[in-house]
Amino acid sequence: MQIQLVRSATIRVSMAGVTLLIDPWLAAKGEGRSYSGDVRSPLVDLPMPAQAVVEAIDAVLISHLHSDHFDMAAAAAIRPGTPVFAPEHDVAGLEGFGLAHVSAITRPTRVGPVEIVLTPGRHGPDEVLEAMGEVAGFLLRAPGEPSVYWVGDSILCDEVRQVIRSERPDVVVVHACGADWEGSAPLVMDTAMVLETMRLSAPATVVATHMDAVDHATVSRADLERAAADLDGPERRRLRIPADGEVLVFPPAAQRPA
């Protein structure tokens, strides 16, 4: 199984012969919006051409329709006929982008041997939830492969804790930039939440993404690296902080340590 971080929250997951693209945000540097009012995001270029991001994908998963998770550049790059899966309330919005093959995930869904299960989350504290709207994560499972819990744009909340407790995923992908909204508490995980997620999900690998690309972030890769420096060796190795374009490789489930 492989997870490639493209940029920000956009990743490619390849497992059991299937490649899924999650939350493609393919705008060029500075061609999106500003979330803090200071500078336009994304703050960095894609590490590869947009067409390379969508090459050889079997399906696209969209967690919600915030502009740093899906945009017109992504809609233009996705080849016609590619299946797109999303929460039911976002199907009409995606069709408005001109996508013709959008399906709601209302129950466990399969792309080949890969099972996709929608999971709940909270895009910040209670006082911002109405403004932020509904978000989702994804559980990905396939025979012989490590299970993946892509938490999505969520803080560490009761819903996320419950998924970790009940599913015991092998890999947990978190959004770790601690994004701020008008001085509110984080909209996604900050450093303390990432470290607590590591504790709750042990012995899973935690992959920290969604950093160094949006202008309202409060946590960088360097910040998280410094915070993790105090962990002991085995614990520190459970935290992966990939660079844009980096591919992480995970052994088959039968080969993973007990």
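Notes on the structure follow. Remember, predicted model here, so these are calculated numbers, not experimental data.

Calculation rules
Residues numbered from 1 in each chain as written. Predicted model: local features only at pLDDT ≥ 70, side-chain atom pairs only at ≥ 80, totals over all residues. Heavy atoms only, no water. Core = buried A, V, L, I, M, F, W, Y, C linked by side-chain atoms within 4.5 Å. Buried < 20%, exposed > 50% of the residue type's maximum accessible area, 1.4 Å probe, protein only. Helix = DSSP H or I, 4+ residues; strand = E, 2+ residues; numbered from the N terminus. Contact = heavy atoms within 4.5 Å. Pairing = 2+ DSSP bridges. Axes fitted to C-alpha atoms, helices over the stretch in contact; angles between N-to-C directions. 1 Å grid on protein atoms, 1.4 Å probe; cavity = no way out; pocket = protein on both sides within 12 Å on 5 of 7 lines; lining within 4 Å. Points joined across faces, edges and corners; volume = space filled by probe spheres on them. Nonpolar A, V, L, I, M, F, W, Y, C, P; charged D, E, K, R; others polar. Arc of directions from axis to C-beta.

Some remarks on the nonpolar core
Consideration 1: Ranked by size, the top nonpolar core spans 36 residues in total, and within it V174 and L239 carry the most contacts.
Consideration 2: The set of elements that each furnish at least two residues to this core consists of strand 10 (148-152), helix 5 (158-167), strand 11 (171-175), helix 6 (191-201), strand 12 (205-209) and helix 7 (221-228).
Consideration 3: The contact partners of L239, leaving out residues within four places of it in the chain, are V194, M198, V206, A208, L224 and A228.
Consideration 4: Listed in part, the 26 residues of the second largest apolar core include I11, V18, F138 and L140.

Considerations on the sheet that holds strand 14 (residues 247-249)
Consideration 1: Spatially, 6-5-4-3-2-1-14 is the arrangement adopted by the seven strands of the open sheet, whose pairing is mixed. Strand pairing shows two members of the sheet lacking a second neighbour, strand 6 (102-104) and strand 14, which therefore form its edges. Strand-to-strand twist in this sheet, taken as the mean axis angle between neighbours without regard to direction, amounts to 25°.
Consideration 2: Of the pairings in the sheet, the one linking strand 5 (residues 84-86) to strand 6 comprises three bridges and is parallel in character. Bridge assignment links F85 to a residue of strand 6, and that residue is S103.

Comments concerning the side chain of E115
Consideration 1: Along the chain, E115 falls in strand 8 (residues 114-120).
Consideration 2: We classify E115 as buried; its relative accessible area is 18%.
Consideration 3: The contact partners of E115, leaving out residues within four places of it in the chain, are P108, T109, R110, L139, L140 and R141.

Points about the layout of surface pockets
Consideration 1: The volume enclosed by the second largest pocket comes to roughly 190 Å³.
Consideration 2: Together, 16 residues line the second largest pocket, and Y35, H66, D68, M132 and H216 are the ones closest to its centre.
Consideration 3: Of the residues contributing to the lining of the second largest pocket, the split by class is eight nonpolar, five polar and three charged.

Some words on helix 5
Consideration 1: Along helix 5, the residues that are buried comprise V160, V163 and I164. The buried side chains of helix 5 occupy one side of the element, clustering within an arc of 95° when seen end-on. When the buried face of helix 5 is taken as reference, the exposed residues oriented beyond 90 degrees from it are D158 and R165.
Consideration 2: On its buried face, helix 5 sits against strand 8, strand 9 (136-141), strand 10 and helix 6.
Consideration 3: Following helix 5 by one or two positions, R168 has its phi on the positive side, about 45°.

On their own, these measurements won't tell you what the molecule is for.
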